Amino acid sequence: MKAILGFLVLGLVLLPSSSAGQNGAPEKRASHHSDLIEKISRDLKVRKGVELVLQPGPLFPSADFHESEFSYDVLIGEAFFLDLPEAEQRALIAHEMGHIIFVPPVCTDPINCQVGADLIAALYTSPETVIGLLGKLSSAPYWTESQEYRIRLEHLKRLMPEQ
């Protein structure tokens, strides 16, 4: 049975263990940014394979991290992913891979897990890129007013050089 670490960028989600995406459409194993995935895997000393899986369908808008016995899958909504600029695609992959480390009990609060994964993303891209990505995670008007958004934004701004 697959253990599921469902840290959607905005909360917890559980996904079925199958090779089909939503509406029965097949998911796509993607080779986008394999250089980044390999580098982060080496740096984090990941002992399992890591794959980028693009999920079809409108009900999977952003991203998730899924762990099985043998691999980690970075699950990302295909339309959302392909609409992002390349730098933000890399930030999203790095963020989700950050959940290899930033999972309970390492972080005791879901927001802390998100902040830790954001810091990994900023390390491999830039704080500005991750901030740009944060603003696109939800079209809901309350997202940018939420406590989670403000906390994550504040941590990223601390990494930016003072001007």
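Thresholds, definitions, all that
Residues numbered from 1 in each chain as written. Predicted model: local features only at pLDDT ≥ 70, side-chain atom pairs only at ≥ 80, totals over all residues. Heavy atoms only, no water. Helix = DSSP H or I, 4+ residues; strand = E, 2+ residues; numbered from the N terminus. Buried < 20%, exposed > 50% of the residue type's maximum accessible area, 1.4 Å probe, protein only. Contact = heavy atoms within 4.5 Å. Areas by Shrake-Rupley, 256 points an atom, 1.4 Å probe, with all protein chains shown as cover. Salt bridge = Lys/Arg side-chain N within 4 Å of Asp/Glu carboxyl O. pLDDT = per-residue confidence, 0-100. Disulfide = S-S within 2.5 Å. Pairing = 2+ DSSP bridges. Core = buried A, V, L, I, M, F, W, Y, C linked by side-chain atoms within 4.5 Å. Expected span 1.5 Å × (residues − 1).

### With respect to the overall build of the protein chain
Helix and strand counts for the protein chain stand at 6 helices and 6 strands. Buried residues in the protein chain amount to 50% of all 163 residues. The contacts of the protein chain with a sequence gap of at least 6 include a subset with a gap of at least 24, amounting to 60%. Taken as a whole, the protein chain presents about 8700 Å² of accessible surface, with 57% of it coming from carbon and sulfur.

### Describing the environment of Ala 91
With respect to the element layout, Ala 91 can be found in helix H3 (residues 86-98). Looking at Ala 91, the relative accessible area reads 0%, which means it is buried. Between the alpha carbons of Ala 91 and Leu 119 there is a distance of 10.0 Å; along the sequence they are 28 residues apart. What Ala 91 contacts, discounting residues up to four positions off in sequence, is Ala 121, Thr 125, Thr 129, Val 130 and Leu 133.

### Describing the pattern of salt bridges
As enumerated under the stated definition, the model contains 7 salt bridges in all. For Lys 48, the salt bridge is made with Glu 67, and the minimal N-O distance between the two is 2.7 Å. With Lys 48 in the loop between helix H1 (34-43) and strand E4 (49-55) and Glu 67 in strand E5 (residues 63-67), the pair connects residues that are 19 residues apart, well separated along the chain. Bridged by salt links that share partners, the residues Asp 118, Glu 148 and Arg 152 form one connected network.

### Section: the confidence of the model for the protein chain
Of the residues in the protein chain, 80% reach a pLDDT of 70 or more, and the chain-wide mean stands at 80. The element-level mean pLDDT for the protein chain is lowest in strand E2 (residues 11-12), coming to 31, with helix H5 (residues 127-134) highest at 96. Per-residue pLDDT stays below 50 along residues 1-23; that stretch engages in 70 contacts with residues further than four places along the chain or on separate chains.

### Some details on the state of the cysteines
One pass over the full model with this rule turns up 1 disulfide. In this model, Cys 107 is linked to Cys 113 through a disulfide, with the two sulfur atoms separated by 2.0 Å. Taking the sign of the torsion about the S-S bond as the criterion, the disulfide between Cys 107 and Cys 113, at about 95°, is right-handed. Cys 107 gets classed as buried once you look at its relative accessible area, which sits at 5%.

### Here's the deal with the pairing of E4
Across the 7 residues that make up E4, a large majority, 5, are buried. Pairing of strand E3 (residues 28-30) with E4, which is carried by 3 bridges, proceeds in the antiparallel orientation. Paired with Ala 30 across the bridge in E4 is Leu 52. Looking at chain direction, E4 and strand E6 (residues 71-77) are connected through 7 bridges and run parallel. Within the sheet, the bridge partner assigned to Leu 54 lies in E6 and is Ile 76.

### Things to note about the nonpolar core
Generally speaking, nonpolar side chains in soluble globular proteins are found buried as a group. Counting residues in each nonpolar core, the largest one holds 35 residues, and the members touching the most others are Val 50, Leu 52, Ile 76, Leu 92, Ile 93 and Met 97. If one sorts the elements of this core by residue count, H3 sits on top with 5 residues.

### Some words on H3
The periodicity of an α-helix, 3.6 residues per turn, causes residues three or four positions apart to be oriented the same way. Under the 1.5 Å per step criterion, the end-to-end length of H3 is 18 Å for 13 residues, consistent within 8% with the ideal 18 Å. Every buried residue of H3 is accounted for by Glu 88, Gln 89, Arg 90, Ala 91, Leu 92, Ile 93, Ala 94, His 95, Glu 96, Met 97 and Gly 98.

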